[in-house]
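Tertiary structure, described
Given next are the chains, with one letter for each unit.
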Amino acid sequence: MYDPVQLRTFLTVAQTLSFTQAAARLGVRQSTVSQHVRRLEEATGRPLFARDTHSVALTEDGEALLGFARTILAAHERAAAFFTGTRLRGRLRFGASEDFVLTRLPEVLEGFRHEHPEVDLELSVELSGTLHQRLDEGRLDLVLAKRRGPSDERGRLVWRDRMVWIGAEGLRLDAERPVPLIVFPPPGITRARALEVLERDGRPWRIACTSGSLNGLIAAARAGLGVMAHTRGLIPPGLERVAGLPDLGQVEFALLRGPAGAGGAAAEALAAAILSGGDRLSRPA
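Right, let's walk through the structure included here. Per chain, residue numbering runs from 1 following the sequence as it is written. In keeping with the model being predicted, local features are shown solely for residues with a pLDDT of at least 70 and side-chain atom pairs are shown and tallied solely at 80 or more, while totals for entire chains, interfaces and linings include all residues. Each side-chain value is worked out from all heavy atoms of the structure, with water and hydrogens disregarded.

Quick look at unusual backbone geometry
This is how the line gets drawn: Labels follow the DSSP assignment, with helices taken as runs of H or I lasting at least four residues and strands as runs of E lasting at least two, numbered in each case from the N terminus.
At the junction of proline 186 and proline 187, the peptide bond is cis and its omega measures out at 5° in the coordinates. Tracing the sequence through the fold places proline 187 in the loop between strand S7 (179–183) and helix H7 (189–201).

Below you can see the structure in the form of structure tokens.
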């Protein structure tokens, strides 16, 4: 009833929230993406996306289909791996941004380890800016991190979201005083974005807390020390959006490979697993 090709297209649109970006990632025409989604909506008898000329969003039925789509595609991939008889081996150095500490990335990595037990997976969790540096230096094979800015088109887009200001429940900022910021240290991309938009808006600010750990930043925010810039879809419990500050714009998370096919087939296999499960990374665990 549900074509795996159409399901893969559906998951890609759900992750990128863009028919154009989904087409680019899949290497097909945008009309093909629209056709796959339309046929899947005909098969389910339900609208899966609410879309207009400016935005794309999952409907309630689209959200429900996410889990089914992942399960069906995972079964297909296991069957293909079984009958091809290929077993990946070697060392894979994978770097993931701090943003994914509280998401379902561990589930994706656990599935990869189960499918490829002979791959020695080395995981590094760092700031996105640090991961970019280590990848450029040849110290990592594959990286899942924020893109550096709107002009950065390196790698394969996994998902995009908006960035918002968050703080403790009921936090109110004094408009007459500098904005108290809770930030990663340099070269944090989120830090740079927060400072940039405040400077552009003419808002004075001060650093209330600096931590290289996402859990450390969350603890400071819950204590009411200030506000932090964060991905809208990953707002931790006990924190909420804070109004009255300049717009932070969009954020894009991408997969980047090292030079000359670093990591080989193992890197490509993990990249495929992350891309197929990208929607799980856009939600808290």
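Details of H7
Applied cut-off: The span you would expect from a helix comes to 1.5 Å times its residue count less one. Classification of residues uses two cut-offs on accessible area relative to the type maximum, computed with a 1.4 Å probe and protein chains only: under 20% is buried, over 50% is exposed, and between them is partly exposed.
Its 13 residues place the ends of H7 18 Å apart at the C-alpha level, agreeing with the 18 Å of an ideal helix rising 1.5 Å per residue. Of the positions making up H7, those classed as buried are Ile189, Thr190, Arg191, Arg193, Ala194, Leu195, Val197 and Leu198. Looking at the residues trailing H7, positive phi occurs at glycine 202, about 75°.

What about a nonpolar patch on the surface?
Condition: The patch calculation keeps residues exceeding 30% relative accessible area without a salt bridge and links them within 9 Å when they carry like charges or within 5 Å when they are nonpolar (Val, Leu, Ile, Met, Phe, Trp, Tyr). Method for areas: the Shrake-Rupley scheme with a 1.4 Å probe, in which residue coverage is limited to the protein chains shown. Salt bridges are defined by distance alone: a side-chain nitrogen of Lys or Arg within 4 Å of a carboxyl oxygen of Asp or Glu.
Together, Val101, Leu102, Leu123 and Val125 give the surface a local cluster of nonpolar side chains, amounting to about 280 Å² of exposed area. Mapped onto the elements of the fold, leucine 102 is located in the loop between strand S3 (90–97) and helix H5 (105–115). On the basis of relative accessibility, which here comes to 35%, the residue leucine 102 falls in the partly exposed class.

Comments concerning helix H9 (residues 264–276)
With 13 residues, H9 should cover 18 Å at 1.5 Å per step; its first-to-last C-alpha distance of 19 Å lies within 8% of that length. If you check which residues of H9 are buried, you get Ala266, Ala267, Ala269, Leu270, Ala271, Ala273, Ile274, Leu275 and Ser276.

Section: the pairing of strand S11 (residues 250–257)
The cut-off we apply is this: By this definition, two strands are paired if DSSP reports at least two bridges between them.
Burial analysis of S11 places 6 of its 8 residues in the buried class, which makes it a mostly covered element. By the bridge criterion, 6 bridges tie strand S6 (residues 156–168) to S11 in an arrangement that is antiparallel. Looking at S11, one finds that leucine 157 is bridged to alanine 254.

Focus on the pairing of strand S5 (residues 142–146)
Counted residue by residue, S5 has 5 buried out of 5 residues, so it is predominantly covered. Pairing analysis gives 3 bridges linking S3 to S5, with the strands arranged parallel. Across the sheet, residue phenylalanine 94 finds its bridge partner in S5, namely leucine 142. Sheet topology note: the S5/S11 ladder contains 5 bridges and is antiparallel.

Let's talk about the pattern of salt bridges
Tallied over the entire structure, the rule returns 17 salt bridges. A salt bridge links aspartate 99 to lysine 146; the nearest nitrogen and oxygen atoms lie 2.7 Å apart. Within this pair, whereas aspartate 99 is found in the loop between S3 and H5, its partner lysine 146 is found in strand S5, the two being separated by 47 residues in sequence. In terms of burial, aspartate 99 and lysine 146 fall into one category: buried. A salt bridge links arginine 162 to aspartate 247, with the nearest nitrogen and oxygen atoms 3.0 Å apart. Highlighted residues: arginine 162 in strand S6 and aspartate 247 in the loop between strand S10 (239–241) and S11, separated in sequence by 85 residues. We classify aspartate 247 as exposed; its relative accessible area is 53%.

Comments concerning the packing of aromatic side chains
Our working rule: Planes of paired rings set the category: under 30 degrees apart is stacked, over 60 is edge-to-face and the rest tilted, where pairs are Phe, Tyr or Trp rings (Trp by its six-membered ring) whose centres lie within 6.5 Å.
Going through the model one piece at a time under the given rule, you end up with 4 aromatic pairs. Ring centres of phenylalanine 10 and phenylalanine 49 lie 5.5 Å apart, and the angle between their planes is 50°; on these two criteria the pair is classed as tilted. In this pair, phenylalanine 10 sits in helix H1 (residues 4–16) while phenylalanine 49 sits in strand S1 (residues 49–51), placing the two residues 39 residues apart along the sequence. By relative accessible area, which is 0% here, phenylalanine 10 ends up buried. Judged by its relative accessible area of 4%, phenylalanine 49 falls in the buried class. Pairing phenylalanine 19 with phenylalanine 49 gives two aromatic rings, centres 6.1 Å apart and planes at 70°, and the pair type is edge-to-face. Of the two residues, phenylalanine 19 sits in helix H2 (residues 19–26) while phenylalanine 49 sits in strand S1, which places them 30 residues apart along the sequence. Note on phenylalanine 19: relative accessible area 8%, which makes it buried. Joined through ring pairs, the aromatic side chains of Phe10, Phe19 and Phe49 make up one cluster.

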